[in-house]
Structure formats: C-alpha cells, structure tokens
Amino acid sequence: MSIAAASSKGTRARPRDAVTRRSGAALPAHGATVAYIVERLREEILAGRMAPGQRLVESDLTARFSVSRGPVREALRRLAADGLIDHWPNRGALVRRLSKREIGEFFQIRVELESLAARLAAESGDTAARARFAAAIRPILVDGPRRLPDYLSENAAFHEALLTLAGNCQLRDLSTRLHLPLIMAQVADILTPGVLEASVREHRAIAAAILERDAHAAANLMRAHLERAHTLALQRRGE
C-alpha cells in the first residue's frame, strides 16, 4: 500500500473511531450507517435519555454520527414509521409525546393481548423454549433496588421473553406495535422505587405461574399487573 493510500484510509477511519468513542459502541460495517443511527436513537428514546417533545436536530445528528444529512433523514423517517418520533419534512423532528388518551388506549389493548400471551406461554409445551424463557428472566430474580434505566431494560426483556414463549407471531407483532417501552419511558416520573419494587414482585409472580404451567393464574396476574400500571399512569398524567 502506498503512503498516500494509507493516509487516505486513516483519514476516513478517524470520524468513525470518534463516533465509537462518543457512543460507547462499535460502529457497524460500512453500509449499515442508517441502521446504526436508528438503533442508537431508539435506545436513547426508550431508555428515557431523550425526553418527550425533545427536538432532534439534523445538524447535531450529522455531526454526532459523522454522516451526511441523507442517512440521518432516513433514520428519522424510520423512527417516525415506528411511532417513536414525530417527523415533518422541512419542519424537524421531535420525540413523540403520547397524550393521556393515547396512553390509556394503548394500555387497554395491551392488557388483553398480554393476558393472552401469558396464558399461551404457560400452556407452551416446548421444553427448549421454556428453558430459554427461564434463562431470559433471571434478572427479575435478582434482589436489590433498581435504577430506572436498568429497570426499563429489565421490564422490556421480561415482556419480550413472555411474548416469545407464547409462540404466536401475530400476537407478538401486534404487542410490539403498542410501544410499551415508549409508554414506560414517558411515565418515568411515576416510577418511584416503591413502584419499581412492586412491579418486580408482580413480574416474579407472573413468571412463577408460567413456569408452573398455571395458565389461569398467569393470565390473571398479567391483567392485574398491567391494569395497575394503567391506573397509575392515568392518575399521575396531568394532561
């Protein structure tokens, strides 16, 4: 390789290295830039590190990810399609702010879907899938107080594991569209240590019923869990 070629290659690598250092995660292979941006922004929105109504400025994002406006605009388009942001061409993008009515409606549907998922999970006879479920939910068995970001990740993983064990792809797809992680991020102000502790206990009870193959108890416990969260969210949402 010539000195000029080596110099050119090094110049191209430095912006990607800089983004890697800032984000704390390795960048993907060349050509996956849009997917990388989408994943990073999705993680930050669902972890509550981007507040509802926060503006996503294209120029800031192009500088952060060392890319042109094209990949950033496509990433924003995808996030808007997923319902995580509101994006208007030539007007900008904002982290989606769910209204009290939207949160209530999402929870009403979610209660029915996830109660069904809990029943199906308890009824599953797939031994390997049940073992994977037991492995996936181990974090909920760890005692001790939860930090909010850790709880949000744990909560999402628990519901994902349950939907996976249920084995109904259409149910899983419908539930995913209801943005439970986004709802949790937006009502983070009500997630006090006491609320988190109660939620962890409820997760454990649901998991125990599933592992004991008690479909009736699993469905009822899931319904009570989500109805309590629904009520709490609406009581504290002052819109």
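As the structure is a computational prediction, the values presented were derived from the model and not from experiment.

## Regarding the pairing of strand E2 (residues 85–88)
Here is step 1: Across four bridges, E2 lies against strand E3 (residues 92–95) in antiparallel orientation. Looking across to E3, one finds that tryptophan 88 is bridged to glycine 92.
Here is step 2: Taking the residues that link successive antiparallel strands as the turn, the E2-E3 hairpin has three residues, and the phi of asparagine 90 there is positive, at about 70°.

## Structural notes on the layout of surface pockets
Here is step 1: As a volume, the largest pocket reaches approximately 600 Å³.
Here is step 2: Lining the largest pocket are 26 residues, and of these Arg42, Leu46, Ala156, Thr176 and Pro181 lie nearest its centre.
Here is step 3: Every element with two or more residues in the lining of the largest pocket is listed here: helix H2 (33–46), helix H7 (148–166), helix H8 (169–176) and helix H9 (180–186).
Here is step 4: Ranked by residue count, the leading element in the lining of the largest pocket is H7, at eight residues.

## Let's talk about empty space enclosed by the protein
Here is step 1: In the structure shown here, the tally under the stated rule is two cavities of 30 Å³ or more.
Here is step 2: Taken as a whole, the largest cavity spans an internal volume of roughly 150 Å³.
Here is step 3: Taken together, 18 residues make up the lining of the largest cavity; nearest its centre are Tyr151, Met184, Leu191, Ser199 and Ala229.
Here is step 4: Among the elements that line the lining of the largest cavity, the one with the most residues is helix H11 (residues 215–236), at six residues.
Here is step 5: A breakdown of the residues in the lining of the largest cavity according to their chemical character gives 13 nonpolar, four polar and one charged.
Here is step 6: Empty space within the second largest cavity amounts to approximately 30 Å³.
Here is step 7: No other element matches the three residues that H9 contributes to the lining of the second largest cavity.
Here is step 8: The residue makeup of the lining of the second largest cavity, split by class, is six nonpolar, two polar and no charged.

Quick notes on the rules
- Residues numbered from 1 in each chain as written.
- Predicted model: local features only at pLDDT ≥ 70, side-chain atom pairs only at ≥ 80, totals over all residues.
- Heavy atoms only, no water.
- Pairing = 2+ DSSP bridges.
- Helix = DSSP H or I, 4+ residues; strand = E, 2+ residues; numbered from the N terminus.
- 1 Å grid on protein atoms, 1.4 Å probe; cavity = no way out; pocket = protein on both sides within 12 Å on 5 of 7 lines; lining within 4 Å.
- Points joined across faces, edges and corners; volume = space filled by probe spheres on them.
- Nonpolar A, V, L, I, M, F, W, Y, C, P; charged D, E, K, R; others polar.

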